[in-house]
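Now for the letters of each chain:
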Amino acid sequence: MALLPIICYPDDRLHTVAKPVAAVDARIQTLIADMLETMYDANGVGLAATQVDVHERVIVLDVSEGRDTPLVLINPNLIWTSPQTHLNEEGCLSVPGIFDGVKRHDAIKVEALDRDGQSRVIESDGLLAVCIQHEMDHLLGKVFVEYLSPLKRNRIKTKLLKAQREGRVAKLV
């Protein structure tokens, strides 16, 4: 396993739409293991392959208290969303140190392949539902700051570019 560099906003590669995984093979298994190690090392609860510059539809998550219940979603497809939504404070490993409110569906149902390539349907609510929606946005080339006003987005961009120049956060990889 290896730690992968996480792309930081406003890198244009974060806007790349991910392609479906053709086969859950040894390469994808290695990617999953590396993504999980990277996510845990960075203290995240979710990571999309897009964030590590692999533009395939793979997500890893772990919202458990013990950080010992990883969930892998390959080629996820949102098949149902609750009509109820609410504002959740979100952060992102690709937007370090920034947190803001994003409106998400309270409950969702997703169809995806698991880490063994088996099809499954996951029903979720709460933090897991928020995380899945957030990571699925990454696969579509969307970063959570795009839900914010243009003024906030520009301030965040300026702040992160300055932090990168000063070496306080990783430079664009």
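Since the structure is predicted, the reported quantities are computational estimates derived from the model, not experimental observations.

A.B. asks: I'd like a description of helix 2 (residues 126-139), backed by residues and values.
C.D. replies: When the terminal C-alpha atoms of helix 2 are compared, their 21 Å separation across 14 residues agrees well with the 20 Å that a helix rising 1.5 Å per residue should span. Within helix 2, 11 of the 14 residues are buried, leaving the element largely enclosed by the surrounding structure. Turning to helix 2, its buried residues are A129, V130, C131, I132, Q133, H134, E135, M136, D137, H138 and L139. Looking at the residues trailing helix 2, positive phi occurs at G141, about 80°.

A.B. asks: Mind laying out the environment of H138, listing which residues take part and the relevant values?
C.D. replies: Structurally, H138 is set in helix 2. For the pair H138 and L47, spaced 91 residues apart in the sequence, the C-alpha separation amounts to 8.8 Å. Residues contacting H138, with those up to four places away along its chain left out, are L14, T16, A48, T50, Q51, C92 and V143.

A.B. asks: Explain the environment of H15 residue by residue, including any values.
C.D. replies: Here H15 lies in the segment before helix 1 (26-41). For H15, a relative accessible area of 33% corresponds to the partly exposed category. Each C-alpha atom of the pair H15 and V143 lies 7.6 Å from the other, and the pair is 128 residues apart in sequence. Among all residues touching H15, those that are not within four sequence positions of it are G141, V143 and E146.

A.B. asks: Summarise the side chain of D100; cite the residues concerned and give the values.
C.D. replies: For D100, the position within the fold is in strand 5 (residues 95-105). Residue classification places D100 among the buried residues on the basis of a relative accessible area of 17%. At 3.1 Å, the side chain of D100 forms a polar contact with the side chain of K152. Among residues more than four places away in sequence, those in contact with D100 are N88, E89, E90, F144, L148 and K152.

A.B. asks: Lay out the packing of aromatic side chains in plain terms, naming residues and giving numbers.
C.D. replies: Inspection of the entire model under this criterion finds 0 aromatic pairs. A cation over an aromatic ring shows up here: K142 above the ring of Y147, its NZ or CZ 4.0 Å from the ring centre.

A.B. asks: Tell me what's going on with unusual backbone geometry, and back it up with residues and numbers.
C.D. replies: Here the bond from Y9 into P10 is cis, since omega is 15°, no more than 30 degrees from zero. Structurally, the position occupied by P10 is in the segment before helix 1. Of note in this structure, N43 is not a glycine but carries a positive phi near 60°. Among the structural elements, N43 can be located in the loop between helix 1 and strand 1 (46-48).

A.B. asks: Tell me about the pattern of salt bridges, and please be specific about residues and values.
C.D. replies: Per the stated rule, a full pass over the model turns up 8 salt bridges. The partner of R104 in a salt bridge is E90, with the nearest N and O atoms 2.7 Å apart. Highlighted residues: R104 in strand 5 and E90 in strand 4 (residues 85-92), separated in sequence by 14 residues. Measuring nitrogen to oxygen at the nearest pair gives 4.0 Å for the salt bridge that ties K109 to E123. Here K109 is found in strand 6 (residues 107-113), whereas its partner E123 is found in strand 7 (residues 119-125), with 14 residues between them in sequence. The exposure class assigned to K109 is partly exposed, which follows from its relative accessible area of 28%. Sharing partners across several salt bridges, the network here consists of D11, R13 and D53.

Rules behind the numbers
Residues numbered from 1 in each chain as written. Predicted model: local features only at pLDDT ≥ 70, side-chain atom pairs only at ≥ 80, totals over all residues. Heavy atoms only, no water. Helix = DSSP H or I, 4+ residues; strand = E, 2+ residues; numbered from the N terminus. Expected span 1.5 Å × (residues − 1). Buried < 20%, exposed > 50% of the residue type's maximum accessible area, 1.4 Å probe, protein only. Contact = heavy atoms within 4.5 Å. Polar contact = N/O pair within 3.5 Å; in protein donor to acceptor, adjacent residues only side chain to side chain. Phe/Tyr/Trp six-rings, centres within 6.5 Å; stacked < 30°, edge-to-face > 60°. Lys NZ or Arg CZ within 6 Å of the ring centre and 35° of its normal. Salt bridge = Lys/Arg side-chain N within 4 Å of Asp/Glu carboxyl O.

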